[in-house]
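Working through the structure, step by step
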Amino acid sequence: MISRVDEYLHTVPLSGAEAEEVGPFTLFRSTTVWPYYARPRAGVTVTAADVQAVRARCAELDLPLSFEWVVDACPTLGPAATEAGLTAHEYPLLVLDPADLKTVATDARVEILRADADLVRLSRAVQSIGFTAGGTAVGAGGPAERDAAVPEVPAATVEGVVDRMRRGVTVTGAVFTEDGMVAAGAHQQVGATSEIVGVATLPAMRRRGLAAALTAALAQHAFDNGVELLLLSAESDAVAAVYERVGFRRIGQAGAAE
């Protein structure tokens, strides 16, 4: 399972990046408006010197320095990144099989969005407000803050997401109440595997099961379209518990460093 997840995570950036080998790493050089990262190839051992080599290459290319990996597939990267002066984090890594998907009841409307610029702009505003105040606690960010953030979403980002949706690379879903769009997220399919990413709820709307309902809808869409294994990484144990309500189970840790 770890190998299958790691293989998917090494393939999915290629929908928006070119791959360059740097020592034991693949550096994904973005061809879109958002940056990517470096990942260790399967079965490698990583040293601080290897991390520094990627740092030097990113400096040459004027790219931000960041790494993502599956800790269980490359346990040496975390200590190597720390030794090289980076800040490393670990997050719960979870998977979902079709047979384990659970129904989540909600009085809100959950939709898979069409590739529409206005809807994408709104969903990005929801995600921006949601991720600014992470976690699961109820907060102050609500519809007014979402609406204020809409004009700040870059046009290039909207165009990039719309293009990915039209090509079937990204499937975006959202939750609507009487206050409009209050949660958004996506999944990204490669073959028979997909990953749920970017699920965010407006802080003022939390603790209503909206993220779980959206995740279940995205999962159902994925399974209806040939996906056999779904994965995600969670911000924290508390966030992972939301996904476990849908049927996800933990298989390890995802790593990130920058």
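The chain goes by Ribosomal protein S18 acetylase RimI-like enzyme in an unreviewed UniProt entry, where it is assigned to Kribbella sandramycini.

**So, the packing of helix α4 (residues 117–132) against helix α6 (residues 155–166)**
For the pair α4 and α6, the least separation of the axes is 9 Å and the interaxial angle reads 115 degrees. Between α4 and α6, the interaxial angle falls into the category roughly perpendicular. Between α4 and α6 lies a crossing of right-handed hand. Between α4, through A117, V120, R121 and R124, and α6, the contact on the second element is made entirely by T157, V158, V161, V162 and M165.

**Re the pairing of strand β11 (residues 249–257)**
Direction of pairing for strand β4 (residues 67–70) relative to β11: antiparallel, over a ladder of four bridges. Counterpart to W69 in the pairing with β11 is G255. As defined by bridge partners, strand β5 (residues 88–96) adjoins β11 across eight bridges and the pair is classed as antiparallel. Counted as the bridge partner of L94 is R250 from β11.

**Focus: the UniProt feature "domain: N-acetyltransferase" (unreviewed entry) in the chain**
In the numbering used here, UniProt assigns the "domain: N-acetyltransferase" (unreviewed entry) feature to residues 129–258. Helix makes up 35% of residues 129–258 and strand 32%. Its end C-alpha atoms lie 22 Å apart.

**Topic: the pairing of strand β9 (residues 193–201)**
In terms of burial, β9 is largely enclosed, as seven of its nine residues are buried. Between strand β8 (residues 180–190) and β9, which pair antiparallel one after the other, the connecting turn spans two residues, and G191 there sits at a positive phi close to 65 degrees. Across three bridges, β9 lies against strand β10 (residues 229–233) in parallel orientation. Bridge pairing in β10 links E195 to L231. Crossover connection from β9 via helix α7 (residues 210–224) to parallel β10: handedness right-handed.

**A short note on the domain arrangement of the chain**
By domain assignment, the chain separates into domain 1 (1–86) and domain 2 (98–251). One C-alpha centre belongs to domain 1, the other to domain 2; they are set 25 Å apart. Across the domain 1/domain 2 interface, buried area totals approximately 1,300 Å², and carbon plus sulfur atoms make up 69% of it. Considering only the side of domain 1, the residues that lose the most area to domain 2 are R4, Y8 and W34, jointly responsible for 43% of the buried surface there. Taken together, the links from domain 1 to domain 2 amount to one salt bridge. At the boundary of domain 1 with domain 2, the tally comes to three residue pairs in polar contact (both at pLDDT 80 or more). Of the residues in the side of domain 1 that touches domain 2, the class split is nine nonpolar, three polar and two charged.

**Some details on the packing of aromatic side chains**
Within the structure shown, the criterion is met by four aromatic pairs. For the ring pair F25 and F67, a centre distance of 5.1 Å and an interplane angle of 55 degrees mean the geometry is tilted. Here F25 is found in strand β2 (residues 25–30), whereas its partner F67 is found in strand β4, with 42 residues between them in sequence. We classify F25 as buried; its relative accessible area is 0%. Ring geometry for Y243 against F248: centres 6.1 Å apart, planes inclined by 70 degrees, an arrangement best described as edge-to-face. The class for F248 is buried, based on a relative accessible area of 4%.

**Brief notes about the pattern of salt bridges**
Throughout the structure, instances matching the rule amount to 13 salt bridges. The salt bridge involving D237 is made with R250; its shortest N-O contact spans 2.8 Å. Here the residue D237 occupies a position in helix α8 (residues 237–244), and R250 occupies one in strand β11, the gap between them amounting to 13 residues. Here R250 ties to E244 by a salt bridge, and the two come within 2.9 Å at their closest N and O atoms. Note on E244: relative accessible area 30%, which makes it partly exposed.

Parameters and conventions
Residues numbered from 1 in each chain as written. Predicted model: local features only at pLDDT ≥ 70, side-chain atom pairs only at ≥ 80, totals over all residues. Heavy atoms only, no water. Axes fitted to C-alpha atoms, helices over the stretch in contact; angles between N-to-C directions. Helix = DSSP H or I, 4+ residues; strand = E, 2+ residues; numbered from the N terminus. Parallel < 35°, antiparallel > 145°, perpendicular 65-115°, else oblique. Left-handed = near helix turned anticlockwise from the far one by under 90°. Contact = heavy atoms within 4.5 Å. Pairing = 2+ DSSP bridges. UniProt positions renumbered as here; feature names shortened; annotations may be inferred. Buried < 20%, exposed > 50% of the residue type's maximum accessible area, 1.4 Å probe, protein only. Right-handed = clockwise from strand over helix to strand, strands pointing away. Domains from an automatic or database assignment. Buried area = accessible area lost by both parts, 1.4 Å probe. Salt bridge = Lys/Arg side-chain N within 4 Å of Asp/Glu carboxyl O. Polar contact = N/O pair within 3.5 Å; in protein donor to acceptor, adjacent residues only side chain to side chain. Nonpolar A, V, L, I, M, F, W, Y, C, P; charged D, E, K, R; others polar. Phe/Tyr/Trp six-rings, centres within 6.5 Å; stacked < 30°, edge-to-face > 60°.

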